[in-house]
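A closer look at the structure
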Amino acid sequence: MPASVVEYKGWREGYRCGYCGSERGKVSAGMWAHSMTVQDYQDLIDRGWRRSGKYVYKPIMNQTCCPQYTIRCQALRFQTSKSHKKVLKKMLKFISKGDVSKVVGEEEPMDSHIEDVVTCDYACKSESCVSQSELTPLSVDHGERMENEDKDTGETKEEVNEQKVESSSPQICAEKDTPVPGEPSHSAKTVHAPPKPGKGADLSKPPCRKAKDIRKERKLQKLLQNQKCAFEGSQLQAGDQVFLLQNSKSKTNQPKTIEDFVFVSLPDDAQHKLEVRLVRSSPPSSQFKATFQESYQVYKRYQMVIHKDPPDKPTINQFTRFLCDSPLEAENAPNGPECGYGSFHQQYWLDGKIIAVGVIDILPYCVSSVYLYYDPEYSFLSLGVYSALREIAFTRQLHEKAPDLCFYYMGFYIHSCPKMRYKGQYRPSDLLCPETYVWTPIEQCLPLLEHSKYCRFNQDEKAVDEGRIKDLGRVRVLHKRTMMPYSVYKKRRKGPSDEASVQQYASLVGQTCSERMLLFRS
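Scope of this entry: the structure provided in the associated data block. Numbering of residues starts from 1 in each chain and follows the order in which that chain's sequence is written. Totals for whole chains, interfaces and linings use every residue, but because this is a predicted model, local features are given only for residues with pLDDT of at least 70 and side-chain atom pairs only at 80 or more, for both listing and counting. Side-chain figures throughout are based on the complete set of non-hydrogen atoms in the structure, without hydrogens or water.

**A short note on the pairing of strand β16 (residues 518-521)**
Residues of β16 alternate between two faces, with Leu518 and Phe520 on one and Leu519 and Arg521 on the opposite face, all of them buried. In short, DSSP must find at least two bridges between two strands for them to pair. The helix and strand labels rest on DSSP assignments: H or I over at least four residues marks a helix, E over at least two residues marks a strand, and numbering proceeds from the N terminus. For strand β14 (residues 476-479) and β16, the ladder comprises three bridges, and the chain directions are parallel. When the bridges of β16 are listed, Val477 appears paired with Leu519. Partly exposed describes any residue whose relative accessible area lies between the buried limit of under 20% and the exposed limit of over 50%, with all areas from a 1.4 Å probe on protein chains only and scaled to the type maximum.

What follows is the structure, encoded as structure tokens:
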């Protein structure tokens, strides 16, 4: 399996912030990723890192002007809010009837903020000049092997498996504890005496039902009958019968899921046709190449109208570096999603043309939103919110094939910038503690953030970063096309010591990633 190869660029201090407008308030660390495995990137974003093209950066939280907290939504437990339902219904009305309600949503599209473009511009200036041949390892230095390497690797896998079990357990509990809609409670049998006139409903009789529910039940019974006929007398499998019968029961007491809005069947005479296509962007698939120009034109219009960019700024080169290039290695796993892991564009096609593109990474435990751009002509459809909801539904869909994949990462939550608080409306969601890197429900974080823009969310004062660097000598280095531990490289290095830089890098990426990724040294 290929290893991640990175060049650490160090801290960048005192540059412009796209959120508060401060000219010299931004502080972050960054590295150029020549290649990166999806597992390494998953572990990095779980330590507060984020990518812009091939540049991977991490805000220095206790020093930067606008602390950026990694936020994730628990997709399996997601419940649509009233405002979300309005957006979904608005899209359904537009597609089915052509209704246009020219109301622009207040919520920002997922991560479509100029800050990422600023980061991208810096990333372009920081691009590596190292040739590809220098990045290809030829050998492993056997002078000093890392002790207990196999043992430590086994422990890491166990820890990951424990995290997987913990992350999926809430959903398992929810499924077991949730009663089947329409089924009577088996906790107790109650005998009701006939009510006196004027004293309410007769509980000994079946409850009144809505005509819509009765029609739905008749329709499903007819479907069941038709399927029986289709089998020419042979009986349906038990699972098929249960599925049809469960669907025939009234769901009036059960809140609608996001799928009820997204995957609803449309009338035959629908005014428009909306199709969502997933195309791999890195390495670029044939579908991605065929639609590149059209997708770029949407991006250019978006940047000029929404972000007021001059026409010469959103170039093809910028678009490619920012939203098409990715260090993530495409990967297919037996228990992973059918599309595989890596970087993709989710294209929204309306009546045969692209109107929006969601840039996403599909990782072992999550779908990570990178950016969203759309045709400004369709702003009335609140495409930023709609695409985020579609991506949550997509995460839930991938979970069916890849059980470990159950979160939707929304990038950074910036409480100090009111315009960027919209991500907190996708519930339930968690924020990452900037000191211990544990996830904390956002409800517990918000009161703390009201008092201070920088907060440690973990209230256990004794808790420390469990993934912190413990042995600098075990950091993996790529030097003269040879992989070696830093302890070996340090003895062979000529010139001034680089230990401070390597220590800074290792403390930010953590012990696990520092032992897996290759830190390029010239």
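From this point, the narrative continues.
**A closer look at unusual backbone geometry**
Of note, the amide linkage connecting Ser282 to Pro283 takes the cis form, showing an omega dihedral of -5°. By the secondary structure assignment, Pro283 is in the loop between β7 (274-282) and α8 (286-290). Here Arg427 and Pro428 are connected by a cis peptide whose omega angle stands at -5°. Tracing the chain through its elements places Pro428 in the loop between β11 (407-413) and β12 (429-432). Even without being glycine, Lys308 reaches a positive phi, approximately 60°. By relative accessible area, which is 64% here, Lys308 ends up exposed.

**Some points on empty space enclosed by the protein**
Of the two site types, the cavity is a set of points on a 1 Å grid over the protein atoms alone where a 1.4 Å probe fits but cannot get out, and the pocket is an open set with protein on both sides within 12 Å along at least five of seven lines, each lined by residues with an atom within 4 Å of a point. Grid points are joined across faces, edges and corners, and a volume is the space filled by probe spheres set on the points. Scanning the model with the defined rule gives three cavities of 30 Å³ or more in all. Approximately 70 Å³ is the volume found for the largest cavity. Lining of the largest cavity is provided by Arg47, Gly48, Lys58, Pro59, Met61, Gln68, Tyr69, Thr70, Leu432, Cys433, Pro434 and Tyr437. Listing elements by their share of the lining of the largest cavity, those giving two or more residues are β4 (55-59) and β5 (69-74). Residue composition of the lining of the largest cavity, grouped by class: seven nonpolar, three polar and two charged. By volume, the second largest cavity amounts to about 50 Å³. Contributing elements (two or more residues each) for the lining of the second largest cavity: α1 (38-45) and β11. Each residue gets one of three labels, nonpolar for Ala, Val, Leu, Ile, Met, Phe, Trp, Tyr, Cys and Pro, charged for Asp, Glu, Lys and Arg, and polar for the others, Gly among them.

**Re the packing of aromatic side chains**
Here the distance between the centres and the angle between the planes together describe a pair of aromatic rings. To pair, rings of Phe, Tyr and Trp, with the six-membered ring standing in for Trp, must have centres within 6.5 Å; the planes then decide the type, stacked if under 30 degrees apart, edge-to-face if over 60, and tilted in the middle. This structure, assessed with the given rule, holds 18 aromatic pairs. Taken together, a centroid distance of 5.5 Å and an interplanar angle of 75° make the contact between Phe94 and Phe380 edge-to-face. Here Phe94 is found in helix α2 (residues 82-97), whereas its partner Phe380 is found in the loop between β10 (366-374) and α11 (383-401), with 286 residues between them in sequence. Counting every residue linked through ring pairs, the aromatic cluster contains Phe288, Phe292, Tyr296, Tyr299, Phe319 and Tyr373. Look at NZ for Lys and CZ for Arg. If either is within 6 Å of the ring centre and within 35 degrees of the ring normal, a charge sits over the ring. The ring of Phe407 carries the charged tip of Arg72 above its face, separated from the ring centre by 3.8 Å. The aromatic ring of Phe261 is capped on one face by Lys256, whose charged end is 5.4 Å from the ring centroid.

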